[in-house]
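Read off the chains here:
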Amino acid sequence: MKEKNLHKLLDRLLKLPKECEWVEFKMNFKSEDDIGKYVSALSNGACLQNEPYGYLVYGISDSTLQVEGTSFRPTMKKVGNDELEHWVLQRISPRIEVLNYQIGHNSYLTVI
């Protein structure tokens, strides 16, 4: 996805009144298990709400919906010798696709 489209998508998500079944905002990394739960829940929530994707966005305050940036880099995180994404996806059934995008310098968008 091109940078321009990522910013349009983020603007759309930030216009929502709050988090919902298919959108979750987080500031920083919680735990591997929590991320797995978010990915699974967002995937199911998007399906139930007839949304094509679920979104987990890092660097956004979930209480104010303000872009604050994050120190968490999902593509750099490892669990043992596995990349975080691979580790999470091995534990979710049925298999789903997850895409990670960096938005600017301080925010990350995970498309589920």
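This section reports on the structure supplied with the text.

**Considerations on the nonpolar core**
In terms of nonpolar packing, the biggest core is built from 16 residues, with Leu13, Trp22, Val23, Phe25, Tyr55, Val57 and Leu109 touching the most fellow members. Listing elements by their share of this core, those giving two or more residues are α1 (3-14), β1 (23-26), β2 (55-58), β5 (99-103) and β6 (107-111). The biggest single contributor to this core is α1, with 4 residues. Judged by nonpolar contacts, the second largest core, of 15 residues, contains Phe72, Val79, Trp87 and Tyr108.

**Some remarks on the sheet that holds β1**
The strand order across the open sheet built from 4 strands is β1-β2-β6-β5, with neighbouring strands paired in mixed fashion. In this open sheet, the two strands that pair with only one neighbour each are β1 and β5. Neighbouring strand axes in the sheet, compared pairwise and without regard to direction, differ in orientation by 15° on average. Alignment of β2 against β6, held across 4 bridges, turns out to be antiparallel. Looking at β6, one finds that Tyr55 is bridged to Val111.

**Looking at α1**
Every α-helical turn comprises 3.6 residues, leaving residues that sit three or four positions apart pointing alike. With 12 residues, α1 extends 16 Å from end C-alpha to end C-alpha; this agrees with the ideal 16 Å at 1.5 Å per step. Of all the residues in α1, the buried ones are Leu6, Leu9, Leu10 and Leu13. Buried positions in α1, seen along its axis, are confined to an arc of 100° and lie on one side of it. In this structure, α1 carries Lys4 and Lys8 as exposed residues pointing more than 90 degrees from its buried face.

**What about the side chain of Lys26?**
For Lys26, the location among the structural elements is in strand β1. Not counting chain neighbours up to four residues away, the residues in contact with Lys26 comprise Glu19, Tyr38, Leu56, Val57, Tyr58, Gly59, Ile60 and Asp62.

**Section: helix α2 (residues 32-48)**
With 17 residues, α2 should reach 24 Å at 1.5 Å per residue; the first-to-last C-alpha distance of 24 Å fits that figure. Considered for burial, the residues of α2 that qualify are Ile35, Gly36, Val39, Leu42, Gly45 and Ala46. The inward-facing, buried residues of α2 abut β1, β2 and α3 (84-89). The first or second residue beyond α2 is Asn50, which carries a positive phi of 55°.

**Quick word on the environment of Ala46**
Among the structural elements, Ala46 can be located in helix α2. Look past the residues within four positions of Ala46 in its chain and what remains in contact with it is Glu21, Trp22, Glu51, Tyr53 and Gly54.

**Brief notes about the side chain of Thr70**
Within the secondary structure layout, Thr70 lies in the loop between β2 and β3 (78-79). By relative accessible area, Thr70 is classed as buried at 7%. At a separation of 2.5 Å, a polar atom in the side chain of Thr70 contacts the side chain of Asn28. Among the polar contacts made by the side chain of Thr70, one reaches the main-chain amide nitrogen of Phe72 at a distance of 3.0 Å. Residues contacting Thr70, with those up to four places away along its chain left out, are Met27, Asn28, Tyr58, Gly59, Asn106, Ser107 and Tyr108.

Conventions adopted
- Residues numbered from 1 in each chain as written.
- Predicted model: local features only at pLDDT ≥ 70, side-chain atom pairs only at ≥ 80, totals over all residues.
- Heavy atoms only, no water.
- Core = buried A, V, L, I, M, F, W, Y, C linked by side-chain atoms within 4.5 Å.
- Buried < 20%, exposed > 50% of the residue type's maximum accessible area, 1.4 Å probe, protein only.
- Helix = DSSP H or I, 4+ residues; strand = E, 2+ residues; numbered from the N terminus.
- Pairing = 2+ DSSP bridges.
- Axes fitted to C-alpha atoms, helices over the stretch in contact; angles between N-to-C directions.
- Expected span 1.5 Å × (residues − 1).
- Arc of directions from axis to C-beta.
- Contact = heavy atoms within 4.5 Å.
- Polar contact = N/O pair within 3.5 Å; in protein donor to acceptor, adjacent residues only side chain to side chain.

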